[in-house]
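The chain contents come next:
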Amino acid sequence: MLNHILAVTGIDREARAAAQCEKVLSLAGGGDSIRLEESLRRIMQENTIAGLVSFGLAGALDSDLKVGDWVVGSHLTGNVDADCDEAWQGSLEKIFPKLKKGIIYSDGTLVSDIAQKQDIQKKQKAIAVDMESHIVARIAQEYNCPFIILRVISDQADHALPPAFSVAMQPDGSVAIPALLKSLLLKPSQIPAFVTTAKAATKALKELGRVGFLFGSSLGFPDFG
């Protein structure tokens with residue numbers, strides 16, 4: 001039996017949610033793609049990893065998706081094209097039939113405005129976007145490791161993210177409070193949108209915290225038994 005699933009996230013709160021699951025290790029990238037890729041390779045070399053999951057929050061591209069919805073990737077597009085593991089997808093769908101399945105887009109950038117979201121949805125037919133999946137997929141291909149994307153929607157397709165969110169993450173995945181406050185002070189007109197976005201993110205993180213209850217100790221990985 002292989003030892004662990006590795007959940008790769010952006011922020012530390014996402015990583016802590018995944019780490020509740022007994023057979024899951026977690027790693028927060030903090031928006032630093034080079035650091036994340038180096039850390040991933042080191043973990044893959046030092047541990048026996050059964051599967052890789054890109055885990056955490058995601059922005060909706062499909063207008064039918066609402067804050068708090070769980071999505072599972074069938075395919076990844078963006079900087080890397082990769083199919084997600086079909087057996088693992090099937091296991092997750094069997095556990096939680098309300099999962100929304102579709103193409104996920106990831107290229108490492110924060111997709112913040114509505115026009116960007118609409119353009120990606122139209123061109124890529126993707127249902128959601130995140131900032132880490134392309135790195136996870138690349139490492140999964142390199143190590144021939146099963147790979148999935150499991151995310152919770154934190155902002156809907158018709159919602160633009162305020163500028164403060166682009167500076168809100170430190171390299172360790174924690175909140176960059178000084179940078180965030182500076183952004184709000186320099187552009188106070190974004191405060192109403194920031195409050196709305198923060199409330200939605202809080203709701204999504206609360207749902208993310210149910211991951212162990214919903215999907216079990218190994219995030220539905222089919223080979224653990």
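The following paragraphs examine the structure supplied in this document. (Residues numbered from 1 in each chain as written. Predicted model: local features only at pLDDT ≥ 70, side-chain atom pairs only at ≥ 80, totals over all residues. Heavy atoms only, no water.)

1. Here's the deal with the environment of Asp 62
Applied cut-off: Here a strand is any run of E in DSSP of at least two residues, a helix any run of H or I of at least four, and the numbering for each starts at the N terminus. The buried label applies to any residue whose accessible area, calculated with a 1.4 Å probe on protein chains only, is under 20% of its type's maximum; exposed applies above 50%, and partly exposed to all values in between. In what follows, residue pairs with any heavy atoms lying within 4.5 Å of each other are defined as contacts.
Locating Asp 62 in the fold gives a position in the loop between strand E3 (49-60) and strand E4 (70-78). Asp 62 sits in the partly exposed class, given a relative accessible area of 23%. Beyond its immediate chain neighbours, meaning those up to four positions away, Asp 62 contacts Gln 121, Ala 126, Ile 127 and Ala 157.

2. Section: helix H1 (residues 12-19)
What counts is decided by this rule: This arc is taken over the directions from the axis of the helix to the C-beta atoms.
Among the residues of H1, Glu 14, Ala 15, Ala 17 and Ala 18 are the ones counted as buried. For H1, the arc enclosing every buried residue in end-on projection is 160°, short of the 170-degree limit, so these residues lie on one face. As for H1, its buried residues are in contact with strand E1 (4-9), strand E2 (24-28), E3, strand E8 (147-155), helix H7 (191-208) and helix H8 (211-215).

3. Some words on the pairing of strand E6 (residues 100-106)
Quick reminder of the rule: Strand pairing requires that DSSP identify at least two bridges connecting the strands. When the strands point away from the viewer and the path from the first strand over the helix to the second turns clockwise, the crossover is right-handed.
Alignment of E4 against E6, held across seven bridges, turns out to be parallel. By the bridge assignment, Val 71 is partnered in E6 with Lys 100. Sheet topology note: the E6/strand E7 (residues 126-129) ladder contains three bridges and is parallel. Residue pairing across strands places Ile 104 opposite Ala 128, the latter belonging to E7. With respect to chirality, the unit in which E6 leads through helix H4 (residues 114-124) into the neighbouring parallel E7 is right-handed.

4. Some thoughts on the pattern of salt bridges
Keep this limit in mind: Definition used for salt bridges: Asp or Glu carboxyl oxygen within 4 Å of a side-chain nitrogen of Lys or Arg.
Across all of its chains, the model carries 11 salt bridges by this definition. Between Arg 138 and Glu 37 there is a salt bridge, with the nearest N and O atoms lying 3.0 Å from each other. In this pair, Arg 138 sits in helix H5 (residues 133-142) while Glu 37 sits in helix H2 (residues 33-46), placing the two residues 101 residues apart along the sequence. Overall, Arg 138 belongs to the partly exposed group, its relative accessible area being 29%.

5. Overview of the packing of aromatic side chains
In plain terms, the rule: Between 30 and 60 degrees the pair is tilted, below 30 it is stacked and above 60 it is edge-to-face, where a pair is any two Phe, Tyr or Trp rings, Trp via its six-membered ring, whose centres lie within 6.5 Å.
Taken as a whole and assessed by the stated rule, the structure comprises five aromatic pairs. Ring plane angle 70° and centroid distance 5.1 Å describe the contact between Trp 70 and Phe 215, whose orientation is recorded as edge-to-face. Of this pair, Trp 70 sits in strand E4 while Phe 215 sits in helix H8, placing them 145 residues apart in sequence. With a centroid separation of 5.7 Å and 80° between ring planes, the pair formed by Phe 96 and Phe 215 is classed as edge-to-face.

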